[in-house]
Amino acid sequence: MEEQIDKLNSQTVLEEWSGTSSNKLSLTAVISPSSSPSSFTVKTYGNRFNLFSRRFLEAFVPEGFPNSVTPDYIPFQTWDLLQGLSTYIRMMLSTQALLSAIGVGEKSATVIGATFQWFLRDLTGMLGGVMFTFYQGSNLDSNAKMWRLVADLMNDLGMLMDLVSPLFPSAFVFIVCLGSLSRSFTGVASGATRAALTQHFALQNNAADISAKEGSQETVATMIGMAFGMLLAHITMEHPTIIWFSFLSLTVFHMYANYKAVRCLNLTTLNCERSSILLLHFMETGQVFSPKEVSVLEHVLPLWVSSWSSKSTKFLYTRVRLGVRVSSLNSPEIMELLSSAGSQYEKAKYLLLEKKGIISIIMHKDSTTADVMQAYIHALVMANLLHHNRTSIHTDSQTWMDKHYQTFISKLQSSGWKTGRLLSSSITWRANWSHAIPEKKIK
């Protein structure tokens, strides 16, 4: 028995591999038995520098990188770090102006006065953040790209207010409160959209790891930006023209970097606009766009800007109102709704109503996320038929849904789209309806 064990040991070779991903492993050591009994030899591979560089990189990229994240992670993070760097450089300039306006370095300034001004500034920002969350919190998921841009624009506006404040001493408190209010919108919108994007990047349920590594990257960008910002503030001290030129130049670059960052994103979730783009293409060709193709077509700026720059584009989703309140309808509309509930939408968990080119969706109180998706696609079909001056839009749209809806959803899923939920504003108003069975008269 002992001879068999010795024979087995003499044939066994043990290898040591290092890496966080199965296809990114590197051989570091080989342990094999030697000629003398009860002894072995160890042969190492690589060097300490490679090991250290690999460990250092692991502090800034997610485990299993790049296979654990989506392909758009690298370009987005590159542009995002560049815009963050410009933000921290400008922050030093705006902070310097703000402190000088408060009275730092002046004998006439009082501690209680500066404290009270700073308190009003922070209080305004806190209240502004709560109000912004109340009014727009449910919309941040559905338009993550646009709100990402808006958040950074509001941050730029806040810094501009800080830089302007020394020029108007009599309105100093009002100006810095406006700046704080603007930055409060940034904090809410940026944090919420970042959470949505982190979920998008995570391919292996590693959202927490991605978020932690993004924090490490942000820390390094902050330190570099603060160092360059202090150097720039020292160089431009008492040179207001150079300060304004530097600030405005960095602001332009900041907005450009943000625009490039959101343009890199190929989101696979369905919101109102992406659903509209996909449906129009499917109704015309029978095929669906990939997430990358849709990302080129969807707008990332506010809708009024996109409408002005591309007047030929059909924004069908602007003609659809999801979750309409029944009591807001007038008597003829309610009569039409009751008629359609008993005929065209008898088996559906939603009702559709067309009025002056606008399609209203009334959701049933027991409707699911799949019903919401179906209702919205149905409403888009109606809006498209209405755009082509079709008269029997209810009948024609129902015929299209019965024939093509399941095929459309299947092709979306095979192209990588997530069809489980429509990202839209919260549906706070629903309705309930039932079909009464008429009683038979007994003769």
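Scroll up a little and you will see the structure.
Student: What is the right way to read the overall build of the protein from this model?
Tutor: A count of helical and extended segments in the protein gives 14 helices and eight strands. Long-range contacts, defined as pairs at least 24 residues apart, comprise 71% of the intrachain contacts of the protein with a sequence gap of at least 6. On the protein, roughly 25,400 Å² of surface is accessible, and the fraction owed to carbon and sulfur atoms is 62%.

Student: Mind showing me how you'd approach the packing of aromatic side chains here?
Tutor: Between two aromatic rings, the relevant description is the distance of the centres plus the angle of the planes. This structure, assessed with the given rule, holds nine aromatic pairs. Residues Phe 76 and Phe 201 carry aromatic rings whose centres are separated by 5.6 Å and whose planes lie at 45 degrees to one another, so their mutual orientation is tilted. Of this pair, Phe 76 sits in helix H3 (residues 73-102) while Phe 201 sits in helix H6 (residues 172-201), placing them 125 residues apart in sequence. Ring plane angle 45 degrees and centroid distance 5.0 Å describe the contact between Phe 282 and Phe 408, whose orientation is recorded as tilted. Taken together, the residues span a long stretch of sequence, with Phe 282 in helix H9 (residues 272-285) and Phe 408 in helix H14 (residues 393-414) at a distance of 126 residues. Classification of Phe 282 as buried rests on a relative accessible area of 7%. Among the residues examined, Phe 408 registers a relative accessible area of 1% and is labelled buried. Taken together through their ring pairs, the aromatic side chains of Phe 65, Tyr 73, Phe 76 and Phe 201 make up a single cluster. One cation-aromatic arrangement involves Arg 90 over Phe 247; the distance from NZ or CZ to the ring centre is 5.7 Å. One Lys or Arg, Arg 325, reaches over the ring of Trp 429 and ends 4.1 Å from the middle of that ring.

Student: I tried to follow H14 on my own but got confused; where do I start?
Tutor: Residues that lie three or four places apart on an α-helix share one face, since the helix turns once every 3.6 residues. Between its first and last C-alpha atoms H14 spans 29 Å; for 22 residues at 1.5 Å apiece the expected length is 32 Å, and the two agree. Along its length, H14 reaches its greatest deviation from straightness, about 50 degrees, at His 404. Among the residues of H14, those classed as buried are Ile 393, His 394, Ser 397, Trp 400, Met 401, Tyr 405, Phe 408, Ile 409 and Leu 412. Immediately beyond the C-terminal end of H14, within one or two residues, lies Gly 416, with a positive phi of roughly 100 degrees.

Scoring rules and cut-offs
Residues numbered from 1 in each chain as written. Predicted model: local features only at pLDDT ≥ 70, side-chain atom pairs only at ≥ 80, totals over all residues. Heavy atoms only, no water. Helix = DSSP H or I, 4+ residues; strand = E, 2+ residues; numbered from the N terminus. Contact = heavy atoms within 4.5 Å. Areas by Shrake-Rupley, 256 points an atom, 1.4 Å probe, with all protein chains shown as cover. Phe/Tyr/Trp six-rings, centres within 6.5 Å; stacked < 30°, edge-to-face > 60°. Buried < 20%, exposed > 50% of the residue type's maximum accessible area, 1.4 Å probe, protein only. Lys NZ or Arg CZ within 6 Å of the ring centre and 35° of its normal. Expected span 1.5 Å × (residues − 1). Bend = angle between axes of the 7 residues up to and from the residue.

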